[in-house]
Amino acid sequence: MTNSKTKGAEALPLNTILDGDCIEVMNGLPEASVDLVFADPPYNLQLKGDLHRPDNSQVDAVDDHWDQFASFKAYDEFTTDWLKAAKRLLKPNGAIWVIGSYHNIFRVGAALQNEGFWILNDVVWRKSNPMPNFRGKRLTNAHETMIWASRDEGAKYTFNYEALKSLNEGIQMRSDWVLPICTGHERLKDDKGDKAHPTQKPESLLHRVLVGTTNPGDVVLDPFFGTGTTGAVAKMLGRDYIGIEREEAYRKVAEKRLAKTRRFDREALQVSVSKRAEPRVPFGQLIERGMLRPGEELYSMNNRHKAKVRADGTLIGDDVKGSIHQVGAALEGAPSCNGWTYWCIKKDGKRVPIDIFRQQIRAEMAERPN
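Residues numbered from 1 in each chain as written. Predicted model: local features only at pLDDT ≥ 70, side-chain atom pairs only at ≥ 80, totals over all residues. Heavy atoms only, no water.

Below, the discussion takes up the overall build of the chain. Secondary structure assignment for the chain yields 12 helices and 15 strands. Split into buried and exposed, the 370 residues of the chain put 45% on the buried side. Expressed as a percentage of contacts within the chain between residues at least 6 apart in sequence, the contacts between residues at least 24 apart total 66%. On the chain, roughly 19900 Å² of surface is accessible, and the fraction owed to carbon and sulfur atoms is 48%. (Helix = DSSP H or I, 4+ residues; strand = E, 2+ residues; numbered from the N terminus. Buried < 20%, exposed > 50% of the residue type's maximum accessible area, 1.4 Å probe, protein only. Contact = heavy atoms within 4.5 Å. Areas by Shrake-Rupley, 256 points an atom, 1.4 Å probe, with all protein chains shown as cover.)

Structure below.
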């Protein structure tokens, strides 16, 4: 159940929407307690008058009071203050995403660097279905920019490279993302049937951000929660969220939305990881667990060499002794060798790579409760 609470909570209020000014609320939360901040701050659009379509109907543009600032100076001070508060909340290896338009993203980017954040990427969200430029005096605004930054230079931030690659059909994910804006069933409406929020972000955008830069169980904070897209996607993906939203109408919509949102099952939340990120399994464990026996012979996958397993997890072959990697490299006359993929056993006339046993142990490790 998602609840609205007043600002200044003592403990970390997970999976809750907090009511109040985002800077005051963040300053009242425990320091270094959040893994990721996703921020969609006011864009300070500087609209001059109403915007109409060619048929003279009025466009429902962003003209709300929360997007209005007296000057660029006032906006910059606001940006600096909320970024300081966000940085205080981030864990040492935490990171931040900020999304904006040409009206504000350059000012936000400068403020990020001024506060010591380390920019990792800027991502262009290219809208596959952008709103036309009705006045015909400028290019159609078909994209928004997101900045991804670690809390500090040199921080070991989360980046699930293989998961994003899998999302992109096995191709390395680029920094230009083609995704549609909210339309149809995803666009939330208020009781009058109007847009519940003028700048509601699509769940696809947050899905990519959270799959790529957080892990299940991480805490994601959104200081400009709006109608709760960040919270909804975080909940589905098994992350904890904290939302801050001062507008009661948006909170009510978000609460209703989150009450209907269901978390994916644990197995579905697993994502592809790089080999280096997988748990390390010493070759000796295979001998300790009886998967391989001392004296058993291993064969190279190219069938040119063989070596004998010893009780301490080393191999001996052709007067060469050492690890599965060292012996494989020596026999091949190579500078290095991945013994897990080089060696196999022969079973029922077939070659079985020893890496199968390592994967079996890793699968068992993943099934253990935390």
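Now, onward.
Moving on to the environment of V124. Here V124 lies in strand β5 (residues 118-127). Owing to a relative accessible area of 27%, V124 belongs among the partly exposed residues under this scheme. Considering only alpha carbons, one finds V124 and W177, 53 residues apart in sequence, at a separation of 6.1 Å. Setting aside residues no more than four positions away along its own chain, V124 makes contact with H143, E144, S175, D176 and W177.

This part takes up the pattern of salt bridges. Applying the stated criterion across every chain yields a total of 16 salt bridges. Across the pair K73 and E77 runs a salt bridge, and its minimum N-O distance is 2.6 Å. Residue K73 and its partner E77 are both found in helix α2 (residues 72-89); the two are separated by 4 residues, about one turn of the helix. You can call K73 exposed: its relative accessible area is 57%. (Salt bridge = Lys/Arg side-chain N within 4 Å of Asp/Glu carboxyl O.)

A separate point is the nonpolar core. Within soluble globular proteins, side chains that are nonpolar generally end up buried alongside one another. W97, M146, W177, L205, V209 and L210 are the most contacted members of the largest nonpolar core, which has 32 residues in total. For this core, the element with the highest residue contribution is helix α5 (residues 203-213), accounting for 5 residues. Ignoring any residue separated from it by four or fewer positions in sequence, one finds L210 in contact with L36, V220, T230, V233, A234, L237 and R239. Counting residues in hydrophobic clusters, the runner-up holds 31 residues, among them C22, Y75, W82 and I244. (Core = buried A, V, L, I, M, F, W, Y, C linked by side-chain atoms within 4.5 Å.)

Counting buried positions over the 8 residues of strand β6 (residues 143-150) gives 7, a clear majority of the element. In the sheet, strand β4 (residues 90-100) pairs with β6 via 6 bridges, with the strands oriented antiparallel. Each residue of the ladder has a partner; that of A95, found in β6, is S150. Note: β5 against β6, 8 bridges, orientation antiparallel. Residue pairing across strands places I119 opposite A149, the latter belonging to β6. (Pairing = 2+ DSSP bridges.)

Taken across its 6 residues, strand β3 (residues 34-39) has 6 buried, putting it largely inside the fold. Pairing analysis gives 2 bridges linking β3 to strand β8 (residues 219-222), with the strands arranged parallel. Counted as the bridge partner of L36 is V220 from β8.

What follows covers the packing of α2 against helix α3 (residues 105-114). Orientation of α2 relative to α3, taken along the N-to-C sense of each, is 45°, at an axis distance of 10 Å. In terms of axis orientation, α2 runs oblique to α3. Once α2 is placed against α3, the crossing between them reads as right-handed. On α3, the residues that touch F72, Y75, D76, T79, T80 and L83 of α2 are R107, V108, A111 and L112. For the contact of α2 with α3, the per-class residue count stands at 6 nonpolar, 2 polar and 2 charged. (Axes fitted to C-alpha atoms, helices over the stretch in contact; angles between N-to-C directions. Parallel < 35°, antiparallel > 145°, perpendicular 65-115°, else oblique. Left-handed = near helix turned anticlockwise from the far one by under 90°. Nonpolar A, V, L, I, M, F, W, Y, C, P; charged D, E, K, R; others polar.)

Residues lying three or four places apart along an α-helix face the same way, a consequence of the helix completing one turn every 3.6 residues. For helix α6 (residues 229-236), the buried fraction is high: 7 of the 8 residues fall into the buried class. Every buried residue of α6 is accounted for by T229, T230, G231, A232, V233, A234 and M236. One or two steps after α6, the chain reaches G238, where phi turns positive at roughly 75°.

With 8 of its 11 residues buried, α5 lies for the most part within the structure. For α5, the complete set of buried residues consists of L205, L206, R208, V209, L210, V211, G212 and T213.

The next subject is the sheet that holds strand β12 (residues 315-317). Pairing is antiparallel in the open sheet, where 6 strands are placed in the order β13-β12-β11-β10-β14-β15. Of all strands in the sheet, those bounded by a partner on one side alone are β13 (320-322) and β15 (350-353). Neighbour-to-neighbour, the strand axes of the sheet open up by a mean angle of 35°, direction not taken into account.

Moving on, we get to the confidence of the model for the chain. When the pLDDT values of the chain are averaged, the result is 87; 88% of them are 70 or greater. This model gives residues 4-9 a pLDDT under 50, and the stretch forms 16 contacts once residues within four places in sequence are excluded. Here residues 47-54 is a poorly scored stretch, pLDDT under 50, and it has 17 contacts once near neighbours within four places are set aside; other chains count. (pLDDT = per-residue confidence, 0-100.)

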